[in-house]
Amino acid sequence: MEWKNIAWEQGDGWAQITIQRPKVLNALNRETLEELEQAVGRAEEDETVRALIITGAGDKAFVAGADIGELRQIPSSWEGERLAARGQALFSRIEELDKPVIMAVNGYALGGGCELAMSGDILIASDKARFGQPEVNLGVIPGYGGTQRLARLVGKTTAKYLCLTGEMITAEEALRLGLVQKVVPHDQLLEEARKLAERLAQKAPIAMKYIKKAINQGTETDLQSGLRLEAAFFGLSFDTEDRIEGMDAFLEKRAPRFRGK
Ligand code: HXC
């Protein structure tokens, strides 16, 4: 499949989606959202893809937000709500993908870009990355999950501070807040992301799927319900061939070969 605003690369157990609209710092217009939906679908279906990397093209931006030129043309509250719901559905699909998603944040991750980054499972940031929810400066509010995921990730008051001021934070500050898991020198970002993706590609795919489900669903509920979910997913992982392989490999002192079965 050929896309205009997205590049697809594939390596040893991983795929990489690169958002590329260099003239507008990779801002997300509707066409790019649609292509991203298709590319995520491809990653979802391809069994050889065991980890997905999402990044932005160029040295400056991951994604500088929704395309403001396009937002300006939205004629009504109903159209605005529809666009928000569409992006939210896509970002939730990324969050709930059966395989781990690494966000390699290579520069500005603002507005919809910060929201896209927050839908990933593991965020690696270049030391040049900047995060923020500047929608308030445009007279609107975050619409692709920013008020919700940011508050869940960094807490209510810090989320309010960031959304109300529209202030940008550095990669180091994002690390301190727990928004990203690792900061690396800019020119090593993709190498680090791919090394991590290759490591994840060696892990048991079904166990990774259940880990994501247990954490995603469990953090949205009370502790006892979350523990019940964990026990249920733990049980399900015993129905797999991979758990026999993993345990045999340990007992036989060799590396496991997981097949996702
Ligand atoms: C459209 C954008 C853009 C965007 C940058 N550009 N961000 N175009 N939508 N989100 C364009 C600029 O207009 C400019 O075009 C070119 O990209 C380079 O950007 P500059 O501003 O010249 O670069 P610089 O001075 O280095 O500043 C970088 C920046 C700034 C700090 C990232 O571009 C910026 O503040 N961008 C907007 C960030 C933002 O508000 N994002 C939130 C969008 S709302 P020209 O033609 O002049 O070269 C959102 C809502 C999501 O995301 C939910 C929707 C439902």
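What you see is a predicted model; the values in this text were computed from it and never measured.

Visitor: Just checking my understanding: could you explain the environment of Leu-52 for this structure?
Guide: For Leu-52, the location among the structural elements is in strand E3 (residues 51–56). A relative accessible area of 0% places Leu-52 in the buried class. The spatial distance from the C-alpha of Leu-52 to the C-alpha of Leu-25 is 22 Å, given a sequence separation of 27 residues.

Visitor: What exactly am I supposed to notice about empty space enclosed by the protein here?
Guide: In this approach a probe as big as a water molecule rolls over the atoms, and the regions it shows empty are the leftover space. Under the defined criterion, the tally for this structure stands at one cavity of 30 Å³ or more. In this structure, the largest cavity encloses a volume near 30 Å³. Lining the largest cavity we find Cys-114, Phe-131, Gly-132, Gln-133, Leu-150, Leu-162, Ile-169 and Leu-179. Its residues assigned to classes, the lining of the largest cavity shows six nonpolar, two polar and no charged.

Visitor: Help me understand the site of the ligand, please; the structure alone is not making it clear to me.
Guide: As a matter of local geometry, the ligand sits amid 23 residues, with Lys-60, Ala-64, Ala-66, Ile-68 and Gly-112 nearest to it. The backbone of Ala-66 places a nitrogen or oxygen atom 2.8 Å from an oxygen atom of the ligand. A distance of 2.9 Å separates a nitrogen atom of the ligand from a polar atom in the backbone of Ile-68. In isolation the ligand offers 1,000 Å² of accessible surface; the protein chains occlude 63% of this area. Taken together, the elements giving at least two residues each to the shell around the ligand come down to helix H2 (68–72), strand E6 (108–110) and helix H4 (112–118). The class makeup of the residues in the shell around the ligand is 14 nonpolar, four polar and five charged.

Visitor: What is the right way to read the sheet that holds E6 from this model?
Guide: The pairing of strands in a sheet comes from backbone hydrogen bonds and takes either a parallel or an antiparallel form. Taken in spatial order, the four strands line up as E4-E6-E8-E9 in an open sheet, and their pairing is mixed. At either margin of the open sheet sits one strand with a lone partner, and together these are strand E4 (61–63) and strand E9 (169–170). Relative to strand E8 (residues 130–132), E6 runs parallel, the two sharing three bridges. Bridge pairing in E8 links Leu-110 to Gly-132.

Visitor: How should the sheet that holds strand E2 (residues 14–19) be read in this particular structure?
Guide: Strand order in the open sheet formed by six strands is E1-E2-E3-E5-E7-E10, with mixed pairing between adjacent strands. Among the strands making up the open sheet, the edge pair consists of strand E1 (6–10) and strand E10 (182–184). Averaged over all neighbouring strand pairs, the angle between strand axes comes to 20°, with direction disregarded. Relative to E3, E2 is paired through six bridges, and the arrangement is parallel.

Visitor: What exactly am I supposed to notice about the pairing of E3 here?
Guide: In summary, the side chains of a regular strand alternate between the two faces of the sheet. Extensive coverage of E3 is indicated by the burial of six of its six residues. Along E3, one buried face is formed by Ala-51, Ile-53 and Thr-55 and the opposite face, lined by Leu-52, Ile-54 and Gly-56, is buried too.

Visitor: So what exactly am I meant to see when it comes to a negative patch on the surface here?
Guide: On the surface, a cluster of negative charge is contributed by Asp-127, Glu-172, Asp-187 and Glu-191. Topologically, Glu-172 is positioned in helix H7 (residues 171–177).

Visitor: Hey, could you run me through the packing of aromatic side chains in this one?
Guide: Scanning the model with the defined rule gives four aromatic pairs in all. Ring centres of Phe-91 and Tyr-144 lie 5.4 Å apart, and the angle between their planes is 70°; this geometry places the pair in the edge-to-face category. With Phe-91 in helix H3 (residues 77–95) and Tyr-144 in the loop between E8 and helix H5 (146–154), the pair connects residues that are 53 residues apart, well separated along the chain. Comparing Phe-91 with Tyr-144, the two get one shared label, buried. Taken together, a centroid distance of 5.4 Å and an interplanar angle of 25° make the contact between Tyr-210 and Phe-233 stacked. With Tyr-210 in helix H9 (residues 205–218) and Phe-233 in helix H10 (residues 223–237), the pair connects residues that are 23 residues apart, well separated along the chain. In this structure Tyr-210 comes out as buried when scored by relative accessible area, which is 15%. Exposure remark for Phe-233: the relative accessible area of 13% places this residue in the buried category.

Visitor: I keep staring at the pattern of salt bridges and nothing clicks. Help me out?
Guide: In a structure, side chains of opposite charge can pair up when their charged atoms sit close to one another. Across all of its chains, the model carries 17 salt bridges by this definition. Between Arg-152 and Glu-220 there is a salt bridge; the shortest N-O distance is 2.9 Å. Taken together, the residues span a long stretch of sequence, with Arg-152 in helix H5 and Glu-220 in the loop between H9 and H10 at a distance of 68 residues. Three or more residues joined by partner-sharing salt bridges are found here, namely Arg-30, Glu-70, Glu-79 and Arg-82.

Calculation rules
- Residues numbered from 1 in each chain as written.
- Predicted model: local features only at pLDDT ≥ 70, side-chain atom pairs only at ≥ 80, totals over all residues.
- Heavy atoms only, no water.
- Helix = DSSP H or I, 4+ residues; strand = E, 2+ residues; numbered from the N terminus.
- Buried < 20%, exposed > 50% of the residue type's maximum accessible area, 1.4 Å probe, protein only.
- 1 Å grid on protein atoms, 1.4 Å probe; cavity = no way out; pocket = protein on both sides within 12 Å on 5 of 7 lines; lining within 4 Å.
- Points joined across faces, edges and corners; volume = space filled by probe spheres on them.
- Nonpolar A, V, L, I, M, F, W, Y, C, P; charged D, E, K, R; others polar.
- Near = heavy atom within 4 Å.
- Polar contact = N/O pair within 3.5 Å; in protein donor to acceptor, adjacent residues only side chain to side chain.
- Areas by Shrake-Rupley, 256 points an atom, 1.4 Å probe, with all protein chains shown as cover.
- Pairing = 2+ DSSP bridges.
- Axes fitted to C-alpha atoms, helices over the stretch in contact; angles between N-to-C directions.
- Patch = residues over 30% accessible without salt bridge, like charges linked within 9 Å, V, L, I, M, F, W, Y side chains within 5 Å.
- Salt bridge = Lys/Arg side-chain N within 4 Å of Asp/Glu carboxyl O.
- Lys, Arg positive; Asp, Glu negative; His and termini not counted.
- Charge placed at Lys NZ, Arg CZ, Asp CG, Glu CD.
- Phe/Tyr/Trp six-rings, centres within 6.5 Å; stacked < 30°, edge-to-face > 60°.

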